[in-house]
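Listed below, chain by chain, are the residues.
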Amino acid sequence: MIETHETIDEFLTRHTSDVEELVRKAAAQEIVPRWRRLAEHEVDLKTGPHDLVTDADRNAELYLTDALPALLPGSVVVGEEAVHADPASYEAIQGDTPVWIVDPVDGTRQFVRGETGFCTLVALAWRGVVHASWTYAPAREQFATAVRGRGAHLDGEPLRAGSPEPGRDLRVATSHPDYTTDEQKRALLGLWTDGVAPRACGSAGLEYLAIARGELDATAFSWEAAWDHAAGLLLVEEAGGTHLTRAGEPFGIRGGNTLPFTAARDEATARRVVELLTDGA
């Protein structure tokens, strides 16, 4: 069992690359062979037409649920598909046990359509703090990692989010309307203004990677599911970016956030997006 912050650091020093190998194996074994080859019986609906699950999601999560705690004894996995089956399992994020937060296929709609915009997300959190993350987009041959205090990297090269170019419209990826309340829709409408170029988001994990690479300026998301955000938020932080809720506070993976929230390339951009979201509400 992890008992001190130092032992988390020691674990990551020894095993960050081992986690990457497990993520690659899960994708190679369960996800990539099904990409563009899904049979009809391998795709199901969960809560609605935009909320899909496939055998790739289920089997990759099972693989990681077995492999990750074996690497870190005493840890537990909170995975999207397991929580769908047993919502109470999400409560592990509130505890004192190290938690692997797993989204086996982030961007399942894109995966089902045979597009490249999907990824596997894994984050290691302890007591509400994300310490490391792994973002793997196998169809694009991209692997991004972040370790708290040690920076963010894409395929071994450092990531720097930088700042938006002065005078250019802010590029902002926003929540799909299906996943917003009426109040959140009103808040998001604040982004439809001069100087901002909002668009619908794709895979959340890949949107965060785009921010860390300086290709996207910000997000405006309206849901809290930790498997969508934990890995990417650390990636953005370690690339020099930041994140804020509509209350002006950092997003917390344990919930209770004032939504929508933003992740952005720099603090000035984050505060500008929050201001617009507040004006919209």
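Below or above, wherever it landed, is the structure these notes cover. (Residues numbered from 1 in each chain as written. Predicted model: local features only at pLDDT ≥ 70, side-chain atom pairs only at ≥ 80, totals over all residues. Heavy atoms only, no water.)

1. Side note on the nonpolar core
Spelled out, the test is: To define a nonpolar core, start from buried Ala, Val, Leu, Ile, Met, Phe, Trp, Tyr and Cys residues and group those joined through side-chain atoms within 4.5 Å. Partly exposed describes any residue whose relative accessible area lies between the buried limit of under 20% and the exposed limit of over 50%, with all areas from a 1.4 Å probe on protein chains only and scaled to the type maximum. For the purposes of this entry, the term helix denotes a DSSP run of H or I that reaches at least four residues, the term strand denotes a run of E that reaches at least two, and both are numbered from the N terminus. Any two residues having at least one pair of non-hydrogen atoms within 4.5 Å are treated as being in contact.
By size, the foremost hydrophobic cluster in this structure holds 45 residues, and its most contacted members are I93, I101, L159, Y208, L235 and I253. Contributing elements (two or more residues each) for this core: β4 (99-106), β5 (119-126), β6 (129-137), β7 (142-147), β8 (151-154), α6 (204-212), α7 (226-238) and β14 (261-264). If you tally residues by element for this core, the top one is α7, at eight residues. Setting aside chain neighbours within four positions, we find I101 in contact with V78, I93, L121, V122, A123, A125, A226, W227, A230 and I253. Listed in part, the 31 residues of the second largest apolar core include A60, V77, L124 and Y136.

2. What about the sheet that holds strand β3 (residues 76-79)?
To keep things clear, this is the line we draw: Note: two strands are recorded as paired if DSSP finds a minimum of 2 bridges between them. To obtain each axis, a line is fitted to C-alpha atoms, and for helices this fit is confined to the stretch in contact; angles are then taken between N-to-C directions over 0 to 180 degrees.
Spatially, seven strands are ordered β3-β4-β5-β6-β7-β8-β9 in an open sheet, and the strand pairing comes out mixed. Here the strands that pair on one side only, and so sit at the sheet edges, are β3 and β9 (157-158). Of the strands in this sheet, β3, β4 and β5 are in contact with helix α2 (residues 55-71), which crosses β4 at around 155°.

3. Comments concerning the packing of α6 against α7
Selection rule: Any angle that falls under 35 degrees is termed roughly parallel, while one over 145 is termed roughly antiparallel, one within 65 to 115 roughly perpendicular, and all others oblique. All amino acids are sorted into three groups, where Ala, Val, Leu, Ile, Met, Phe, Trp, Tyr, Cys and Pro are nonpolar, Asp, Glu, Lys and Arg are charged, and the leftover types, Gly among them, are polar.
The contact between α6 and α7 brings their axes to 9 Å, and the two run at 5°. When the axis of α6 is compared with that of α7, the two are roughly parallel. Between α6, through A204, G205, Y208, L209, I211 and A212, and α7, the contact on the second element is made entirely by D228, H229, G232, L233, L235 and V236. When the residues that make up the contact of α6 with α7 are grouped by side-chain class, the tally is eight nonpolar, three polar and one charged.

4. Overview of α2
Note the threshold: Each residue after the first adds 1.5 Å to the expected span of a helix. Residues adjacent in sequence count toward polar contacts only when both atoms are side-chain atoms; beyond that, a polar contact is any pair of N or O atoms within 3.5 Å, and within protein one must be able to donate a hydrogen and the other to accept it.
For α2, with 17 residues, the first-to-last C-alpha span of 24 Å sits near the 24 Å given by 1.5 Å per residue. Listed in full, the buried residues belonging to α2 are D55, A56, D57, A60, E61, Y63, L64, A67, L68 and P69. Capping the start of α2, T54 holds a side-chain oxygen 3.1 Å from the backbone nitrogen of A56, two or three residues further along.

5. A word on the pairing of β4
Burial within β4 is extensive, with eight of its eight residues counted as buried. Alignment of β3 against β4, held across four bridges, turns out to be parallel. From the neighbouring strand, V78 faces β4, where its bridge partner is I101. Bridge count for β4 against β5 is six bridges, and the pairing is antiparallel. The residue bridging D103 from the neighbouring strand is L121, located in β5.

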